[in-house]
Amino acid sequence: MNYYRPMVAMALAAASIASPAEAKWLRAETDSFIIYSEGNEKSLREFAANLQRFDATLRSIFRTPYEGEDNRLPIYLLPTSEDVGELASGSRGSSIAGYYRGDRDGSFALSHRETGDANPKFGTPMAQQVLFHEYTHHFMKRHLRAAFPAWFIEGFAEYHSTVDFDKDGRAELGKPVYSRAYGLLRMPRIPAEKLLVQQPGEMRNSGQTDVYYGRAWILTHMLYQDAARDGQMGAYVAAINAGTDTKQAATQVFGDLAQLDKDLNRYINGRLSYSLTRTPIPVPTNIAIAPLAADEDAVIEARLERLNARGSKERETKARDLLRKLVAADPANAEAQYEYAAAEWDMDEDLRDLPAVRAALDKALAAKPSHVRANVLLGRFLLHELDEKGEDDPAAWREARKPIQLANRTDPLDPVPLYAYFSSFLDQRVRPSEPALKALERAFQIAPENVEVRVSYAFALANRGEFDTALALAKSVAFDPHDNGRGETMLKRLEEMRDAHAKRGGGKDADAESDDAA
Ligand SMILES: [Zn+2]
């Protein structure tokens with residue numbers, strides 16, 4: 001889920017001069033987040049408080065109960081939007097200013113703290129809008145259990161990116177996204193009908209993407225704020241979740257799409273209204289800030305490089321080489337040894353040095369035997385060895401799972417060991433045990449935004465004959481604009497399983513195909 005810088009902000013960023021690298025990294029902990037940032041404690045505290053207050057706002061609007069977040073979202077703040085773009089794309093000059101990702105290593109968001117161009121006349125600072133946009137993606141994926149079309153995923157994030165608070169502490173919703181004005185008013189328009197069915201990835205350049213985000217925002221704004229369209233958004237989402245085709249659902253609820261386009265164009269030029277929450281949203285006080293431990297501080301930038309290198313051979317090699325140097329200089333640093341092992345492991349099978357992975361994991365665990373992620377990776381490593389050997393002795397597989405179980409005991413709230421435990425049975429090509437299915441269920445409860453976990457859980461439910469919940473989960477993946485069609489294949493497969501199940505007369509399925517979840 002990338003946030004693309006609007007055209008205007010890009011021009012401003014290009015004109016600004018990057019500030020020199022600051023000293024140490026700080027770690028801020030709130031009820032919902034762990035924020036990593038360099039430098040100034042006061043501004044980090046403000047940032048963290050604002051974000052936590054925004055989280056409370058979303059929970060109040062969407063009636064999401066708050067019992068404390070078991071699995072808090074890590075957020076990394078870089079000095080400038082240029083830095084974020086470089087990390088995301090691998091080169092300077094990218095228009096990506098922030099992004100949110102949920103993958104095997106857990107979810108995280110990346111944003112910046114550039115406030116130099118803030119002008120109160122144009123709303124809250126850009127850095128805050130980018131972060132609110134990204135966090136809204138996370139909130140939607142984690143807490144709103146429905147399928148949403150691509151345009152609305154971005155429109156919804158843009159709509160909430162400008163949340164601000166009035167003097168009584170009430171949250172203001174639907175304030176303008178000024179930075180999209182240029183794209184909306186001066187660039188070629190995307191007709192409403194096209195917007196409703198198009199994926200942001202189909203845009204050919206950053207200008208078009210800017211217009212797409214702007215149109216998605218203004219359509220969301222109109223549906224939320226225009227009294228004449230009250231209730232339409234809910235009906236549209238309900239229709240899609242009931243299986244109606246996206247375009248048909250839109251026509252059914254919004255009426256003629258050419259007319260919708262005209263209404264939208266009129267709406268852009270009108271005076272935009274906004275709404276207020278009924279009650280004030282308190283400023284959170286539970287924020288703890290401390291400098292990062294020296295071993296983690298030494299490795300955090302290399303970790304970001306590794307997390308962002310995925311899929312690019314060149315960048316994976318760069319991250320690996322960087323970490324190799326770090327461990328050579330400081331072999332007793334468990335964090336560095338783990339990161340190096342992970343970077344080596346992430347390389348293509350024909351390029352990676354497996355004995356080096358093992359040696360680094362051993363060193364990491366010698367320095368810190370309870371290191372959660374190092375134990376998970378050791379488990380994966382051992383499972384991989386057994387798979388390569390074609391091992392069929394169950395005792396050997398049980399032994400290989402032990403480091404993963406240790407990781408789970410060390411941090412029962414980390415979804416990564418839970419999911420690794422479940423997937424070890426898929427590696428072994430046997431039916432997952434009852435505890436493995438429980439681990440998968442728990443991983444899904446604490447990280448429902450993780451697509452891999454969601455897919456596996458959907459198949460596990462289907463295997464138990466719970467097709468309605470399984471299909472609902474599959475749909476939420478199928479509509480993800482960044483999914484590349486994987487969700488649709490899964491949806492089809494689940495529907496086939498359901499039909500075959502019905503043909504056999506229903507009931508519990510003893511010979512379910514648990515390997516499908518791989
Ligand atoms: Zn986005």
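Everything numeric here is computed off the predicted structure, so don't read it as measured data.

Calculation notes
- Residues numbered from 1 in each chain as written.
- Predicted model: local features only at pLDDT ≥ 70, side-chain atom pairs only at ≥ 80, totals over all residues.
- Pairing = 2+ DSSP bridges.
- Helix = DSSP H or I, 4+ residues; strand = E, 2+ residues; numbered from the N terminus.
- Axes fitted to C-alpha atoms, helices over the stretch in contact; angles between N-to-C directions.
- Parallel < 35°, antiparallel > 145°, perpendicular 65-115°, else oblique.
- Left-handed = near helix turned anticlockwise from the far one by under 90°.
- Contact = placed C-beta atoms within 7 Å.
- Nonpolar A, V, L, I, M, F, W, Y, C, P; charged D, E, K, R; others polar.
- Core = buried A, V, L, I, M, F, W, Y, C linked by C-beta atoms within 7 Å.
- Buried ≥ 20, exposed ≤ 12 C-beta atoms within 10 Å, placed from the backbone.
- Domains from an automatic or database assignment.

## Here we look at the sheet that holds strand E8 (residues 171-173)
Line of reasoning, step 1. Within the open sheet, the 3 strands sit side by side as E7-E8-E9. Their pairing is antiparallel. Taken across any chain shown, the strands that pair with only one partner, and hence form the sheet edges, are strand E7 (164-165) and strand E9 (275-276).
Line of reasoning, step 2. Sheet topology note: the E8/E9 ladder contains 2 bridges and is antiparallel. Directly across from Leu-173, in E9, lies its bridge partner Ser-275.

## Focus on the packing of helix H9 (residues 232-241) against helix H10 (residues 246-254)
Line of reasoning, step 1. Contact pair H9 / H10: the axes reach a minimum separation of 9 Å and the direction vectors enclose 150°. It follows from the interaxial angle that H9 and H10 lie roughly antiparallel. Classified by chirality, the crossing of H10 by H9 is right-handed. The segment H9 lies against H10, with Gln-232, Ala-235, Tyr-236, Ala-239 and Ile-240 engaging Thr-246, Ala-249, Ala-250, Gln-252, Val-253 and Phe-254.
Line of reasoning, step 2. Of the residues contributing to the contact of H9 with H10, the split by class is 8 nonpolar, 3 polar and no charged.

## Quick look at the nonpolar core
Line of reasoning, step 1. Membership of the largest hydrophobic core comes to 68 residues, with the highest contact counts inside it found for Ile-35, Ile-75, Leu-110 and Leu-219.
Line of reasoning, step 2. Per-element tally for this core: the top contributor is helix H8 (residues 206-225), with 9 residues.
Line of reasoning, step 3. Two domains each put at least three residues into this core: domain 1 (1-122) and domain 2 (146-281).
Line of reasoning, step 4. Setting aside chain neighbours within four positions, we find Leu-110 in contact with Tyr-76, Leu-78, Val-84, Leu-87, Ala-88, Gly-98 and Tyr-99.
Line of reasoning, step 5. One finds Ala-407, Phe-459, Phe-467 and Met-490 within the second-largest nonpolar core, a separate group that totals 60 residues.

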